[in-house]
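Listed here are the chains, written in short residue letters.
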Amino acid sequence: MVSLDDKLEPLVGAKSAAALAGAFDVHTVRDLLRHYPRRYAERGQLTDIAGLEIGEHATVLARVRSADERRMRHRKGTILAVVITDGHRTLDCTFFNQRGLQHKLRPGVSALFAGKVSVYKHKLQLTNPDFHLIGADTDDADIEGFLGLIPVYPAAAKLQSWQITRCVRQVLDLLDEFDDPIPLELRAKHSLAEFGEAVRAIHLAPDWASVQAARARLKFDEALAVQLALAQRRQAAGARPAPVCKRTGDGIRSAFDARLPFELTAGQREVGEAIAADLEVAHPMNRLLQGEVGSGKTVVALRAMLQVVDAGRQAALLAPTEVLAAQHARSLRNMLGDLAMAGELGAAEQATRITLLTGSLSAPQRKQALLDAASGAAGIVVGTHALIQDKVSFADLGLVVVDEQHRFGVEQRDALRARAGENASPHVLVMTATPIPRTVAMTVYGDLETSSLRELPVGRSPISTTVVPAAERPAWLERAWARLREDIEAGYQAYVVCPRIGDEEEPSTSDEQDGRRPPLAVADIAPMLSEGPLAGLRIGVLHGRLPADEKDSVMRSFAAGEVQVLVATTVVEVGVDVPNATIMVIMDAERFGVSQLHQLRGRVGRGTAPGICLLVTDTPPGVTSRERLDAVASTVDGFELARLDLEMRREGDILGAVQSGRRSALKLLSLLRDERLIADARTEAQALVAFSPQLAEFPGLARMVADLVDEDRAEYLEKA
């Protein structure tokens, strides 16, 4: 008999154990049993082919529609072209030099097909896939041992789903009885199945009812483990109080409010009040401020920073690029006027000083900036990653504002927090126009308060977004360039964004393996446009490898209207404000994330003329990346986009550094479908931790948290 902590090699053999370890980082019985089926195929019901993604390893249950064998034209050998169907869509399977398969893969036969999804002539295909026949004449124990449901596991090139099935069954046959980590009273309260019963049911899948009960139990385990870890973290954070920053009636914030040339929106007032209240207590604020570009986030953040300055402390504003940091510093100084001139002639009585600290400062400038921060002379310090370096210190850091949060890792934000000293934790305000999935995850899991500015900024025009399927409809791409030229001739300007710079840059080898061409590059697209559809227009090029002075020159020329079309990489994603730009064409749009696409299109429509964003793609319809583009085109709401993104991906691992959720510690829990369960688990976790902070009275729960939150994740969670 074996236990959950036993190694797999003696149980499933060296070859299978090595394949599981290499493909999925699965080493123990516990790891294998947490490698849950992705879904279940039911005899007689075929797998939905829609939603496959280029480059992924897929397993589908499908029926053979046709199978035609022919000789290759230019080399020796044969090709067997098999078309399989789920009853709605088809998928091509191509077998090279595999004689004798045609009589097995006859029209009407059902089978599990497994292989890497690639694209050929704009159609999805599996090349030389493994397959496993399903039918009355099949007696293979891997499949036939199941009464009606066939578990389909996340698989890999050297390890198919049915081979994982065999390994799981071997282990379950030998496994001792399971200890249940959740106390009986808690199981009864939430009508949960026993742990051992749930683990067996999710893998052996006797029927749908058993699978659903198993998933409900194992989801609750994941939710409770996360909430226990977060509850313990919140309790520990209470031991490091944040500085209390009370509002005053005669300080710099009141003076600023009195001078505002416009009236704050209802949303700005409401959010400002919530932040002000957070700053007045010793519990560290951890708040996300979400709002479209130009919606007034900066004013809200400035009022919070001034409240901290009134309390005799400092605020730091962390920006993702030097361009944006400098822009923030100028903007804050302009808004404050003589309130930002402390130590200068003409300064207001309540004035403070704003200091900019970036990597490109001269030695004397850097020395002065460091002195301003360390002495407390600067009430507000604006900077980039330079603020995170060890040499930077603050006299009394009370608030950290992070702009465009998805550009910063948790490690970087934690390094800035550490500047507050050993026994203090500054308040944190994160600003973003598009919350990435991990941020949304933290919101729903209850460790991040959320505020939103949802009004369209005054003077901003709406942005319309359209997907341009260039492979299926080449005329649409021609029309896109014609529309861009029309806007230029009407006196406006345009962006063309590419995923790659080009020149000596090496494209990814995975593209060749997936049958895709390399991503389009600025170095190729700019001359193609100037010699073709945009001939005669003034075209500029901007990317990260240009020298700093050349980048500045190009941006100044574009801002002045001298450059009509800017062909660029994502360097224009943040910090670029050209109100005259009305149209953006994003090439190979499927190569960008949802957050990037949303940020990029925010560069147009910033004036009085409406903005248009065209998402150009060669991706076939039905694949996940194409559906993501349709989602971006369907809404301009950042939170809605992040939720749609979650539906198609997985939330990033809130307990670790994975951003997209591919190797999340959470195997079953879904933010979108399980919000109620997460809330219930949070309530239980708070009560359990209040009763037993270290869970000493609940060793099973303590072990469950330790299994989910390993040493690396615990450290990450502490910093998050």
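As a reminder, the structure under discussion sits directly above these lines.
In this text, all values refer to a predicted model and were calculated from it rather than measured experimentally.

About the criteria used
Residues numbered from 1 in each chain as written. Predicted model: local features only at pLDDT ≥ 70, side-chain atom pairs only at ≥ 80, totals over all residues. Heavy atoms only, no water. Pairing = 2+ DSSP bridges. Helix = DSSP H or I, 4+ residues; strand = E, 2+ residues; numbered from the N terminus. Axes fitted to C-alpha atoms, helices over the stretch in contact; angles between N-to-C directions. Contact = heavy atoms within 4.5 Å. Phe/Tyr/Trp six-rings, centres within 6.5 Å; stacked < 30°, edge-to-face > 60°. Buried < 20%, exposed > 50% of the residue type's maximum accessible area, 1.4 Å probe, protein only. Parallel < 35°, antiparallel > 145°, perpendicular 65-115°, else oblique. Nonpolar A, V, L, I, M, F, W, Y, C, P; charged D, E, K, R; others polar. Core = buried A, V, L, I, M, F, W, Y, C linked by side-chain atoms within 4.5 Å. Right-handed = clockwise from strand over helix to strand, strands pointing away. Expected span 1.5 Å × (residues − 1). Arc of directions from axis to C-beta. Left-handed = near helix turned anticlockwise from the far one by under 90°. Patch = residues over 30% accessible without salt bridge, like charges linked within 9 Å, V, L, I, M, F, W, Y side chains within 5 Å. Areas by Shrake-Rupley, 256 points an atom, 1.4 Å probe, with all protein chains shown as cover. Salt bridge = Lys/Arg side-chain N within 4 Å of Asp/Glu carboxyl O. Lys, Arg positive; Asp, Glu negative; His and termini not counted. Charge placed at Lys NZ, Arg CZ, Asp CG, Glu CD.

*Asks:* Give me the sheet that holds strand E14 (residues 427–432): which residues, what numbers.
*Replies:* Taken in spatial order, the seven strands make up an open sheet running E11-E12-E10-E13-E14-E9-E15, and their pairing is parallel. Of all strands in the sheet, those with a lone pairing partner are strand E11 (354–357) and strand E15 (449–453), marking the two edges. Strand-to-strand, the axes of this sheet are offset by a mean angle of 20°, without reference to chain direction. When strand E10 (residues 314–318) meets strand E12 (residues 380–383), the two strands line up parallel, connected through four bridges. In the strand pairing of E12, Leu317 is matched with Val382. Against the sheet, helix H10 (residues 266–279) makes contact with strand E9 (286–291), strand E13 (397–403), E14 and E15, and its axis sits at roughly 155° relative to E15, the strand it touches most. Contacting E10, E11 and E12, helix H13 (residues 363–375) runs over the sheet at an angle of about 130° to E11.

*Asks:* Requested: an account of the packing of aromatic side chains, with residues and values cited.
*Replies:* Applying the stated criterion to the full structure yields six aromatic pairs. On the numbers, 6.2 Å between centres and 35° between planes, the contact of Phe113 with Phe131 is tilted. Remark: Phe131 occurs in strand E7 (residues 130–134) and Phe113 occurs in strand E5 (residues 110–120); sequence separation between them is 18 residues. Residues Phe178 and Phe195 carry aromatic rings whose centres are separated by 5.6 Å and whose planes lie at 85° to one another, so their mutual orientation is edge-to-face. Taken as a pair, Phe178 in the loop between helix H5 (161–174) and helix H6 (184–189) and Phe195 in helix H7 (residues 195–204) lie far apart in primary sequence, 17 residues in all. Among the residues examined, Phe195 registers a relative accessible area of 16% and is labelled buried. Members of the aromatic cluster, connected to one another through ring pairs, are Phe95, Phe113 and Phe131.

*Asks:* I'd love a proper account of the environment of Ala301, names of residues and values included.
*Replies:* Mapped onto the elements of the fold, Ala301 is located in helix H11 (residues 297–310). Between the C-alpha atoms of Ala301 and Ile275, which are 26 residues apart in sequence, the distance is 8.9 Å.

*Asks:* Account for the sheet that holds strand E19 (residues 565–568), with residues named and values stated.
*Replies:* A sheet is described by the order of its strands in space; here six strands give the open sequence E16-E21-E20-E17-E19-E18, paired in parallel fashion. Each of the sheet's edge strands pairs with one partner strand only, and the pair in question is strand E16 (463–469) and strand E18 (539–542). Taken pair by pair, the neighbouring strands of this sheet meet at an average axis angle of 20°, ignoring direction. Relative to strand E21 (residues 611–617), strand E20 (residues 581–586) runs parallel, the two sharing four bridges. Within E21, the position partnered with Ile586 by the bridge is Leu615. Of the strands in this sheet, E16, strand E17 (493–497), E20 and E21 are in contact with helix H20 (residues 594–601), which crosses E20 at around 150°.

*Asks:* Can you tell me about the packing of H11 against helix H12 (residues 322–336), naming the residues and giving the values?
*Replies:* For any two helices packed against each other, one specifies the inter-axial angle together with the distance between the axes. For the pair H11 and H12, the least separation of the axes is 11 Å and the interaxial angle reads 70°. Taken together, the axes of H11 and H12 are roughly perpendicular relative to one another. From H11, Thr298, Val299, Leu302, Met305 and Leu306 reach across to H12, where they touch His328, Leu332, Met335 and Leu336. Among the residues forming the contact of H11 with H12, the class breakdown is seven nonpolar, two polar and no charged.

*Asks:* How would you sum up the nonpolar core? Please name residues and give values.
*Replies:* Within the largest apolar cluster, 39 residues are counted, with the highest numbers of intra-cluster contacts made by Met305, Ile380 and Leu399. Broken down by secondary-structure element, the contributors of at least two residues to this core are helix H9 (252–259), H10, H11, E10, H12, E12, E13 and E14. In terms of residues, this core owes the most to one element, H11, which gives nine residues. Sequence-distant contacts of Leu399, that is, excluding residues within four places in its chain, are made with Leu279, Met285, Ala304, Met305, Val308, Gln314, Ala315, Ala316, Pro426, His427, Val428 and Leu429. Among the nonpolar cores identified, the runner-up in size contains 34 residues, and Val12, Ala17, Val26 and Tyr153 belong to it.

*Asks:* Please set out the environment of Thr78 residue by residue, giving values where relevant.
*Replies:* When you line up the elements, Thr78 lands in strand E3 (residues 78–85). Taking C-alpha positions, Thr78 is 8.3 Å from Phe95, a pair spaced 17 residues apart along the chain.

*Asks:* Please set out H7 residue by residue, giving values where relevant.
*Replies:* With seven of ten residues buried, H7 lies mostly within the body of the structure. Buried within H7 are the following residues: Phe195, Gly196, Ala198, Val199, Ala201, Ile202 and His203. Positioned one or two residues after H7, Ala205 has a phi angle of 45°, which is positive.

*Asks:* Which residues make up the pairing of E20, and what are the values?
*Replies:* With respect to burial, E20 is a largely interior element, six of its six residues being buried. With five bridges connecting them, E17 and E20 associate as parallel partners. Note on E20: the bridge partner recorded for Val496 is Val585. In the classification by handedness, the crossover that spans E20, the intervening H20 and the parallel E21 is right-handed.

*Asks:* Give a detailed account of helix H23 (residues 675–691), specifying residues and quantitative values.
*Replies:* In a regular helix each residue adds 1.5 Å, so 17 residues correspond to 24 Å; H23 covers 25 Å between its end C-alpha atoms and thus fits that length. Taken as a whole, H23 has its buried residues at Leu677, Ile678, Ala681, Glu684, Ala685, Leu688 and Val689. For H23, the arc enclosing every buried residue in end-on projection is 130°, short of the 170-degree limit, so these residues lie on one face. Facing away from the buried surface of H23 by more than 90 degrees, the exposed residues are Arg676, Thr683 and Ala690.

*Asks:* Explain the packing of H5 against H7 residue by residue, including any values.
*Replies:* The geometry of H5 relative to H7 is characterised by a closest axis approach of 11 Å and an angle of 150° between their N-to-C directions. The orientation of H5 with respect to H7, classified from their angle, is roughly antiparallel. Relative to H7, the crossing made by H5 is left-handed. Contacts from Val168, Arg169 and Leu172 of H5 reach H7 at Val199, Arg200, His203 and Leu204. Broken down by class, the residue content of the contact of H5 with H7 amounts to four nonpolar, one polar and two charged.

*Asks:* Help me get a handle on the side chain of Gln564, residues and values and all.
*Replies:* With respect to the helices and strands, the residue Gln564 is situated in the loop between helix H19 (548–559) and E19. A relative accessible area of 15% places Gln564 in the buried class. Discounting residues that sit within four places of it in the chain, Gln564 has contacts with Ile488, Gln493, Ala494, Leu537, Arg538 and Phe558.

*Asks:* Lay out a negative patch on the surface in plain terms, naming residues and giving numbers.
*Replies:* Among the surface-exposed residues, Asp176, Glu177, Glu194 and Glu197 lie close enough to one another that they form a single negatively charged patch. As for its placement among the helices and strands, Glu194 is situated in the loop between H6 and H7. Of the residues examined, Glu194 reaches a relative accessible area of 47% and is grouped as partly exposed.

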